[in-house]
Amino acid sequence: MSTLAVHDHGIVHHEEGHEHHHKATFLNTYVFSQDHKMIAKQFLITGIIMAFIAMTLSILFRIQLAYPDKAFPLLEVLLGRFAPGGRLSPDFYLSLVTIHGTIMVFFVLTAGLSGTFANLLIPLQVGARDMASPFVNMLSYWFFLTASIIMLSSFFVQKGPASGGWTIYPPLSALPTAMPGSAEGMTLWLISMVCFVGSSLMGGINYVSTVLNMRTKGMDLWKMPLTVWALFLTAVLGVLAFPVLVAGIVLLIFDRSFGTSFYLSDIVLGGKVMPFEGGSPILFQHLFWFLGHPEVYIVIMPAMGISSEVLSVNSRKPIFGYHAMVYSLIGITVLSFIVWGHHMFVTGMNPFLGGVFMITTLIIAVPSAVKTFNWLATLWRGNIRFTPAMLFSIGMVSFFISGGLTGIFLGNAALDINLHDTYFVVAHFHLVMGSAAIFGMLAGVYHWFPKMFRRMMDERLGYLHFWITFIGAYLVFFPMHFMGLEGVPRRYYAITEFHQWDHWLNVNTFITWSAIMAGFAQVAFIVNFVYSIFWGKKTVQNPWNSNTLEWTAPIEHHHGNWVGEIPTVYRWPYDYSKPGHDEDFIPQNVPFSQTMSSNLPHDFEDNPEGLEEYTKWAIANKTNEEVK
């Protein structure tokens, strides 16, 4: 049972007679921990490991694309039967693409990003001792780890891991005999994803419950940092959208194992007519993309919230348009459920329906544009500190703009029909979703590393990491736009089979070496990360002079976050560089009565007693000629 039986404005009541259950041991402190801070570290470290695995897979298939006719004996030594003669087999190439995409989208950018920062920040920033259910929170990590192990274990089955792309479209995913990657590897993929969805649902319900029910005194919704808003709405998206994927997977398992025909009809395999009729693979696409497009925002919204916080803190300015930022997040959350059809313009859907999806897709660009404008306005004339976290946040905004602009092309049905399944799509989503989300995640790691590990990361290695990764990402993905415009298709094992694209081989080689360069930059990050955990410079209480509540908690961690009473919140989290105050930041737990010289009438919109007190002070001190 959790130590945190009751949460009452900073008072923790321990259940009598149960203290002996909570004696600190290695297992319940570092392995089966119910402390949200330790669970955040577990999610982060597991996510980093999965990211390095996915990056390695991408370099392997990029080598194939750069040198499609060249053999590398080392590949046969490393991969055995999957690289006969030193060349990747076509089936294994598709498996690498599939598992790379699956790991990055779900295991790194969903669980690694949300799992880390929702666990770390939600209780600390809303003023809670822990999550609503610490035990379920612990289970969410172990389901995630189980899913990760099952997914990676598919590399060790006879026919190899799942193929067919990370979207696992039928019939390749529904017929175990369709190709080697449709066999046991696909079964393991499906089991892994069911475990993963279980983890996401447990985490999401916990995050929503904590935000709604466990905020400290004074912390109303309009005093929450944008990080909490983003993580809260991300959790809502996941709770509503992920069950649909499970439904689609269950029907897929029925087709694979029990002879049903939900997704199959009129299939001929190896010259033999299969006994399936009445199903439709388009049904699976509808179920998958009903999750799949909210999933895009499940990935990017935490990065948006993190970057909003980091940009404001390091610009020493209030975030521009706080209410507009919140409403745009809510708008994205709602609209993301009615745009999934833009992934399916080429399926033969009714043109009227395609027009509806095209309109909703273009409308969802509006709240995204609002956020972009507000980030740029926050940076404008700010007293900017270029910390590694700030650089990665600015990089996130850059990728979101450059990748988002190409989304306008793909959201147009007439243009998408020509660009669909070309490298243009790869370039678009790797910039707007992949690179932007990764940069938001890295910004969060650099910014909250002192809170997680009580030490500082090395800034010089951080700068090296940023610049090589930033330049490398653009060198990798920007040329792909031009390949896509000429019709070069994605997922092809070797484009040299089509001589009209021979001139793109040199570009593929350039992209591959750029990817290897960006990959080496991550070595600087991992060295910095591991070294700083053990030997980095010890942090101070509030190293960034930030306003949010997590920096009021003691440096030394303990389960419960604050010793004694939890701080009461009096103000919003973005009181930076306020005229009249002797410092350029005012933490949320500082009462207005202590900052009279910097108070403004609108600070008391919901506090008539405070406004009356401020008015009396202003008249007495003649700070305003007229006080309304």
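This next bit is on empty space enclosed by the protein. Evaluated as defined, the whole model comprises five cavities of 30 Å³ or more. As for the largest cavity, its lining consists of 46 residues, and the residues nearest its centre are S58, H100, M104, H430 and F477. Breaking the lining of the largest cavity down by element, the ones donating at least two residues are α2 (36-66), α4 (90-108), α15 (423-453), α16 (459-485) and α17 (505-535). A per-class count over the lining of the largest cavity returns 31 nonpolar, twelve polar and three charged.

With 178 residues, the main nonpolar core has F107, W189 and F529 as its most contacted residues. Looking at which element gives the most residues to this core, the answer is α15, with 18 residues. When near neighbours in sequence (up to four residues on either side) are disregarded, F107 contacts G47, M50, T102, G112, F144, A147, S148, M151, S192, M193 and F196. Counting residues in hydrophobic clusters, the runner-up holds five residues, among them F592, M596, F604 and A618.

What follows concerns the packing of aromatic side chains. Enumeration according to the criterion identifies 58 aromatic pairs in this entry. A ring pair is formed by F478 and F482, whose centres lie 5.8 Å apart and whose planes are at 70°; its orientation type is edge-to-face. One end of the pair, F478, and the other, F482, are both in helix α16, four residues apart, so they sit about a helical turn from each other. In this structure F482 comes out as partly exposed when scored by relative accessible area, which is 45%. Sitting over the face of the ring of Y67, K70 holds its NZ or CZ atom 5.6 Å from the ring centroid. Over the ring of F592 we find R571, and its NZ or CZ is 4.2 Å from the ring centre.

Here the protein averages 91 in pLDDT, while 95% of its residues score no lower than 70. Of all secondary-structure elements in the protein, the lowest mean pLDDT belongs to strand β2 (residues 11-13), at 39, while α16 reaches the highest, 97.

This next bit is on the side chain of S163. You can see S163 is positioned in the loop between α6 (134-153) and α7 (184-213). A relative accessible area of 1% places S163 in the buried class. Within the local environment of S163, its side chain forms a polar contact with the side chain of S95, the two groups lying 2.8 Å apart. Apart from residues no more than four positions distant in its own chain, S163 is found in contact with D91, L94, S95, T98, M179, G181 and M186.

What follows deals with a nonpolar patch on the surface. Taken together, the side chains of L362, L376, I401, L405, I408, F409 and L415 define a hydrophobic patch exposed on the protein surface, amounting to about 580 Å² of accessible area. Among the elements that line the nonpolar patch, the one with the most residues is helix α13 (residues 388-410), at four residues. Position of L415 among the secondary structure elements: in helix α14 (residues 413-419). L415 gets classed as partly exposed once you look at its relative accessible area, which sits at 40%.

Reading the values: the criteria
- Residues numbered from 1 in each chain as written.
- Predicted model: local features only at pLDDT ≥ 70, side-chain atom pairs only at ≥ 80, totals over all residues.
- Heavy atoms only, no water.
- 1 Å grid on protein atoms, 1.4 Å probe; cavity = no way out; pocket = protein on both sides within 12 Å on 5 of 7 lines; lining within 4 Å.
- Points joined across faces, edges and corners; volume = space filled by probe spheres on them.
- Helix = DSSP H or I, 4+ residues; strand = E, 2+ residues; numbered from the N terminus.
- Nonpolar A, V, L, I, M, F, W, Y, C, P; charged D, E, K, R; others polar.
- Core = buried A, V, L, I, M, F, W, Y, C linked by side-chain atoms within 4.5 Å.
- Buried < 20%, exposed > 50% of the residue type's maximum accessible area, 1.4 Å probe, protein only.
- Contact = heavy atoms within 4.5 Å.
- Phe/Tyr/Trp six-rings, centres within 6.5 Å; stacked < 30°, edge-to-face > 60°.
- Lys NZ or Arg CZ within 6 Å of the ring centre and 35° of its normal.
- pLDDT = per-residue confidence, 0-100.
- Polar contact = N/O pair within 3.5 Å; in protein donor to acceptor, adjacent residues only side chain to side chain.
- Patch = residues over 30% accessible without salt bridge, like charges linked within 9 Å, V, L, I, M, F, W, Y side chains within 5 Å.
- Areas by Shrake-Rupley, 256 points an atom, 1.4 Å probe, with all protein chains shown as cover.
- Salt bridge = Lys/Arg side-chain N within 4 Å of Asp/Glu carboxyl O.

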